[in-house]
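Reading the structure
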Amino acid sequence: MQEAKLKGLTSQELHELAINTIRTLSIDAVQQAKSGHPGTPMALAPLVYVIWNEVMRYDPQDPIWPNRDRFVLSNGHASMLLWSVLYLTRARAVNAQYERLGEPAVTLDDIRHFRQLGSKAPGHPEYHWVSGVETTTGPLGQGIATSVGMAIARKWLASRYNKPGFELFDYNIYAICGDGCLMEGVGSEAASLAGHLALDDLCWIYDNNHITIDGKTKITFTEDVAARFLAYHWNVLRVGDANDLESIEDALAIFRKTEGRPTMIILDSHIGYGSPHKVDTAAAHGEPLGEDEVKLVKRAYHWPENAKFLVPDGVMEHFDEGIGKRGGKARRGWEALFAKYRERFADLATEIDQMQRRELPAGWDRNLPSFPPDSKGIAGRDASSQVLNVLAQNIPWFLGGSADLASSNRTALKFAGAGEFEPGTPEGRNIHFGIREHAMAAIVNGLSLSKLRAFGSTFVIFSDYARPAIRLSALMELPTILVFTHDAMGDGEDGPTHQPVEQLISLRAISGLVVLRPADANEVVEAYRYIMQLRHQPAVLALSRQALPTFDRGKYASAAGVARGAYVMADPADGSPEIILIASGSEVALIVQAHETLAAQGIRSRVVSMPSWDIFEQQPQSYRDDVLLPTVKARLAAEQGSVLGWDRYVGPAGRVIGMKTFGASAPLKELDRKFGFEPERVVAVAMELLGRS
């Protein structure tokens, strides 16, 4: 521990004063908001104090310098721990353009307005809202799972960019979690993979307080956590008293020396520590203590019981002397090292600069394939495979993998040097996530938060397993990529368990998520061209298992229209259209066939390929009206998914050929016939809409 004295206090007194400042700021904020979780900050203030002021390599003046240690508060309901230390360490705000702003990330006024509109102290940590927050947490288990992505990223960055004498990336990741994080399945998935990958830059600290909202954990959670994590190949340590600063620091020191295993520190704590009536009870978890109890707690801390939001003289200066000096020195040393690195390894330094700004290297889209017309065509997943392998060669920090379906998703990177990310080969670009869809999506978030360009993959149907992490991608405005295949009835004999029906509309419902369902191989190329340029939006690609015809772009409009979300593929040879046919994915070929049949019968139809509702909705109204002519009321949409939502495009006079039930197990042709996805059905419905026999 530091031995410095400040304001006439001993080192031990300073430690206690700083810890109790964190505690009382948390108590006062929750009490004033009449909402929040005071008990965990009261218990874990010593731990957070030690991590931040004694251990962590982090410069509050520059909270995004690349080699900083990462701190993840997975039990995000204890957010006042984070707001307190960000305020006390004088952390600075950084904007989206990576310009260092002079203003504080969190002010005392923000803390006074905890959980109120506009405050930089919201109810749970929010990545895009407050500088100093490494990831959005709150849904339990997400933080620790995301931290595994951060640890993978650190290993990969070190393998590519570290050179003898230039250890640019050697940071650690500290994640605090509670019982809920360990009960949630995503935590188990992530822990299993972290142990397999020997991520020794990762430390989870488990707040073992024996309390959840419903009461003591003995009613639901009696497993041997230490034995579980030993079985996962983790190094497991135990600290029996959350107020024992020396033991906490010793355990963290052991973590930093441990090689070949991630570390789990089981920390025994007392939720609501210091509260005479609520300590070790569920009452301290999710509600204010009450004014009378607050006074009793402050008396137990030897604190002025009527003072609110008190930050005693010397506390912030104490943090300046600790994390401020240590972090500033580490950051300046890194910057000096990076300047020398730039002289020796200019190209690699440029990569790091571009990566940090979420930019793409020059020529990132060179050699992307162009597919000739082909009536038999190619599956969306196979076209995607070709594109992925080109992009990954052009963008060195582009990597990812599949949830044990790489051979089906066609996401394997196969070019020379791609390699596998495994304990002995951290430079590998292929990540094997195992059958862990939820953890995969959270890990992809962690990779993206570390500024790598990352993708994950599985079947569209299994997006259900990954949804909470996908939602957080959108909430954090991360440019993650999810490559989902087997997008419709093409699963055929696998039956309704594997045939997505409601998944497309449910993904479209996530605000900020771009969902694309390309119609042919060239639309796949253009979909990737669009999403690779996104800097603040995640994207989902829904790709076919079966071959789709590759359209003759001399006859039909260019696939570049994908960048507008929807575009006119074909119009009548003469005159304005009488009916508009709309579809995405495999059903575009269906309406093109119907268009040709209608034309032969003298009926004028327009074909609109609509790979992305999300992108189309961002277009000016004038463009949308040019595509979906307001004067044409006869409209028909076809998609092998839920009909929900299509009414916005077909209008009250239109029709949708879609799914209103689950699928069935049968060959694809039989399924198309059963559920009405045949050209003859499209033509018949079109004729009905036009009032013709």
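Here is what the cut-offs are and how they apply
Residues numbered from 1 in each chain as written. Predicted model: local features only at pLDDT ≥ 70, side-chain atom pairs only at ≥ 80, totals over all residues. Heavy atoms only, no water. Helix = DSSP H or I, 4+ residues; strand = E, 2+ residues; numbered from the N terminus. Rg over C-alpha atoms; globule rule 2.2 N^0.38 Å. Buried < 20%, exposed > 50% of the residue type's maximum accessible area, 1.4 Å probe, protein only. Contact = heavy atoms within 4.5 Å. Areas by Shrake-Rupley, 256 points an atom, 1.4 Å probe, with all protein chains shown as cover. Lys, Arg positive; Asp, Glu negative; His and termini not counted. Charge placed at Lys NZ, Arg CZ, Asp CG, Glu CD. Axes fitted to C-alpha atoms, helices over the stretch in contact; angles between N-to-C directions. Parallel < 35°, antiparallel > 145°, perpendicular 65-115°, else oblique. Left-handed = near helix turned anticlockwise from the far one by under 90°. Nonpolar A, V, L, I, M, F, W, Y, C, P; charged D, E, K, R; others polar. Pairing = 2+ DSSP bridges. Core = buried A, V, L, I, M, F, W, Y, C linked by side-chain atoms within 4.5 Å. pLDDT = per-residue confidence, 0-100. Salt bridge = Lys/Arg side-chain N within 4 Å of Asp/Glu carboxyl O. Polar contact = N/O pair within 3.5 Å; in protein donor to acceptor, adjacent residues only side chain to side chain. Phe/Tyr/Trp six-rings, centres within 6.5 Å; stacked < 30°, edge-to-face > 60°.

**What to know about the overall build of the protein**
- A tally of regular secondary structure across the protein gives 24 helices and 22 strands.
- Compactness check: the protein gives a C-alpha radius of gyration of 28 Å against a globular reference of 26 Å for 693 residues, within 12% of the reference.
- Counting all 693 residues of the protein, 62% fall into the buried class.
- Taking the contacts inside the protein whose residues are at least 6 apart along the sequence as the reference set, 76% of them involve residues at least 24 apart.
- Here the protein has roughly 25400 Å² of accessible surface; of this, 50% comes from carbon and sulfur atoms.
- Charged side chains of the protein number 71 positive and 83 negative; the gap between the two group centres comes to 3 Å.

**A word on the packing of helix 2 (residues 39-55) against helix 9 (residues 245-257)**
- In contact at an axis separation of 10 Å, helix 2 and helix 9 are set at 55 degrees when each is read in the N-to-C sense. Considering the angle they form, helix 2 stands oblique to helix 9. For the element pair helix 2 and helix 9, the recorded crossing hand is right-handed. Here Pro46, Leu47, Tyr49, Val50, Ile51, Glu54 and Val55 of helix 2 lie close against helix 9, whose contacting residues are Leu245, Ile248, Glu249, Leu252 and Arg256.
- Class assignment of the residues belonging to the contact of helix 2 with helix 9 gives a composition of nine nonpolar, no polar and three charged.

**Here's the deal with the pairing of strand 21 (residues 635-642)**
- Where burial is concerned, most of strand 21 is hidden: eight out of the eight residues are buried.
- With four bridges joining them, strand 19 (residues 579-583) and strand 21 adopt parallel strand pairing. Note that in strand 21 the partner of Ile580 across the bridge is Arg635.
- Relative to strand 22 (residues 655-659), strand 21 is paired through four bridges, and the arrangement is parallel. The residue of strand 22 that forms the bridge with Ala638 is Ile657.

**Describing the sheet that holds strand 5 (residues 202-208)**
- Taken in spatial order, the five strands line up as 1-4-5-9-8 in an open sheet, and their pairing is parallel. Only two strands of the sheet have a single partner each, and these edge strands are strand 1 (70-73) and strand 8 (235-239). The average angle at which neighbouring strand axes cross in this sheet is 20 degrees, direction not considered.
- Across six bridges, strand 5 lies against strand 9 (residues 263-268) in parallel orientation.

**A short note on the nonpolar core**
- If you look at the biggest cluster of nonpolar residues, it comprises 166 residues, and the most contacted ones within it are Tyr161, Trp204 and Tyr341.
- Ranked by the residues each element gives to this core, the list is headed by helix 5 (residues 142-161), at eleven residues.
- Other than its neighbours up to four places away in sequence, Trp204 contacts Ile144, Ser147, Val148, Ala175, Gly187, Ala191, Phe229, Trp234, Thr263, Met264 and Ile265.
- By size, the runner-up hydrophobic cluster in this structure holds 66 residues, among which are Leu81, Ala242, Ala251 and Ile323.

**Things to note about the sheet that holds strand 15 (residues 514-516)**
- Strand order across the open sheet formed by six strands is 12-11-13-14-16-15, with parallel pairing between neighbours. Single-partner strands in this sheet number two, and they are strand 12 (430-432) and strand 15. Strand-to-strand twist in this sheet, taken as the mean axis angle between neighbours without regard to direction, amounts to 20 degrees.
- With three bridges connecting them, strand 11 (residues 398-402) and strand 12 associate as parallel partners. Considered in strand 12, the bridge of Gly400 is made with Asn430.
- Across the sheet, helix 18 (residues 521-532) lies against strand 11, strand 13 (453-459), strand 14 (481-485), strand 15 and strand 16 (539-542), angled at about 170 degrees from strand 16, the strand it touches most.

**Description of the confidence of the model for the protein**
- Per-residue confidence for the protein gives a mean pLDDT of 96, with 98% of residues at or over 70.
- Here residues 1-5 is modelled with pLDDT under 50, and outside its nearest four sequence neighbours on either side it reaches 17 contacts, counting other chains as well.

**Overview of the pattern of salt bridges**
- Tallying each qualifying case throughout the model produces 33 salt bridges.
- Across the salt bridge formed by Asp365 and Arg529, the nearest N and O atoms sit 3.2 Å from each other. Here Asp365 is found in the loop between helix 12 (346-356) and strand 10 (374-379), whereas its partner Arg529 is found in helix 18, with 164 residues between them in sequence.
- The class of Asp365 is partly exposed, set by a relative accessible area of 28%.
- For Glu596, the salt bridge goes to Lys555, with nearest N and O atoms at 3.3 Å. Pair noted here: Glu596 is in helix 19 (residues 587-600) and Lys555 is in the loop between strand 17 (547-550) and strand 18 (567-570), with a separation of 41 residues, a long-range link.
- Beyond isolated ion pairs, a larger network of salt bridges with shared partners links Asp487, Arg508, Arg517, Glu587 and Glu639.

**Brief notes about helix 24 (residues 679-689)**
- Of the residues making up helix 24, those classed as buried are Pro679, Val682, Val683, Val685, Ala686 and Met687.
- Residues of helix 24 that are buried in the fold lie against strand 19, helix 19, strand 21 and strand 22.
- After helix 24 finishes, the residue Gly691 shows a positive phi value of roughly 70 degrees.

**Concerning the environment of Tyr567**
- Structurally, Tyr567 is set in strand 18.
- The class for Tyr567 is buried, based on a relative accessible area of 4%.
- Sequence-distant contacts of Tyr567, defined by excluding residues within four places in its chain, comprise Glu523, Arg553, Ala557, Ser558, Ala559, Gly561, Val562, Val607, Val608, Ser609, Tyr623 and Val627.
- Among the polar contacts made by the side chain of Tyr567, one reaches the side chain of Glu523 at a distance of 2.6 Å.

**A look at the packing of aromatic side chains**
- Tallied over the entire structure, the rule returns 25 aromatic pairs.
- Note on Trp52 and Phe71: the rings are 5.5 Å apart at their centroids and 70 degrees apart in plane angle, and the pair reads as edge-to-face. Placement of the pair is Trp52 in helix 2 and Phe71 in strand 1, with a sequence separation of 19 residues. In this pair, the class of Trp52 matches that of Phe71, namely buried.

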